[in-house]
Amino acid sequence: MTLACAMASASPHVIKSLVHTVNDTSLTDSPAYLLIGAGVMVSRLVGKGLTYYHLVVTDRATPSCEKAVERAFMKEGLARWRDCVIEILHMPRPNRHFPGSKESTLYVIHPEAAR
């Protein structure tokens, strides 16, 4: 895949705590889709006192998709979004939102992971 990233460099305890918070917080709004491209999707999710992001990258992602993702996170004030990945889920099957894809990866991005 063109767009790949690693887990945040925060301590495992901090990452585990952030993942727990994300998983236990109910959303207060519908997801806001910031970008839907040929092989990527960025959405902002909001819960009580919490904002985080989902980035879906498929095998159909292109270099222009990567640039669009960078712009989307810049607009959100997350220039260092790659330092905020708290969970990575690889799905080795087609993603129904991206016809023709064979696999995808979901990155959960939490702004506090970089602090």
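Our structure is the block above this text.
Here the residue numbering is sequential within each chain, running from 1 through the sequence in written order. Side-chain atom pairs in this predicted model are given and counted only at pLDDT of 80 or more, local residue features only at pLDDT of at least 70, and totals for whole chains, interfaces and linings cover all residues. In computing side-chain values, all of the structure's heavy atoms are included and hydrogens and water are not.

*Asks:* I tried to follow the sheet that holds strand 1 (residues 32–36) on my own but got confused; where do I start?
*Replies:* Each strand in a sheet pairs with its neighbour through backbone hydrogen bonds, running either in the same direction (parallel) or in the opposite one (antiparallel). Whether two strands pair comes down to DSSP finding at least two bridges between them. In this description a helix means any DSSP run of H or I spanning at least four residues, a strand means any run of E spanning at least two, and both kinds are numbered starting from the N terminus. With respect to topology, five strands assemble into an open sheet ordered 1-2-3-5-4, the strand pairing being antiparallel. Looking at which strands have only one partner, the edges of the open sheet turn out to be strand 1 and strand 4 (85–91). In this sheet, neighbouring strand axes are inclined to one another by 15° on average, regardless of whether the strands run parallel or antiparallel. Residues count as neighbours in contact if any of their non-hydrogen atoms are within 4.5 Å of one another. Only the stretch in contact is used when a helix axis is fitted, and all axes are lines through C-alpha atoms; the angle between N-to-C directions ranges over 0 to 180 degrees. Packing of helix 1 (residues 12–24) onto the sheet brings it into contact with strand 3 (50–58), strand 4 and strand 5 (104–109), and relative to strand 4 it is tilted by some 70°.

*Asks:* Help me understand the pattern of salt bridges, please; the structure alone is not making it clear to me.
*Replies:* Close approach of charged atoms lets side chains of opposite charge pair. Here a salt bridge means any side-chain nitrogen of Lys or Arg lying within 4 Å of a carboxyl oxygen belonging to Asp or Glu. In the structure shown here, the tally under the stated rule is four salt bridges. One salt bridge connects Glu-66 with Arg-82, and the closest N-O pair in it is separated by 2.8 Å. Taken together, the residues Glu-66 in helix 2 (residues 63–75) and Arg-82 in the loop between helix 2 and strand 4 connect sequence positions 16 residues apart. Residue exposure (1.4 Å probe, protein chains only): buried if accessible area is under 20% of the type maximum, exposed if over 50%, otherwise partly exposed. Looking at Glu-66, the relative accessible area reads 23%, which means it is partly exposed. On the basis of relative accessible area, Arg-82 is assigned to the partly exposed category, the value being 28%. The partner of Arg-82 in a salt bridge is Glu-70, and the shortest N-O contact between them spans 3.2 Å. On the criterion of sequence distance, the pair formed by Arg-82 in the loop between helix 2 and strand 4 and Glu-70 in helix 2 is long-range, its members being twelve residues apart. Note on Glu-70: relative accessible area 27%, which makes it partly exposed. In the salt-bridge network here, residues are joined through shared partners; they are Glu-66, Glu-70 and Arg-82.

*Asks:* Sorry, what's going on with the pairing of strand 1 here?
*Replies:* Successive side chains on a regular strand alternate, one facing one side of the sheet and the next facing the other. Here strand 1 runs beside strand 2 (residues 40–47); their pairing, made up of four bridges, is antiparallel. For Ile-36, the partnering residue across the bridge sits in strand 2 and is Met-41. The hairpin turn running from strand 1 into strand 2, its antiparallel successor, is three residues long.

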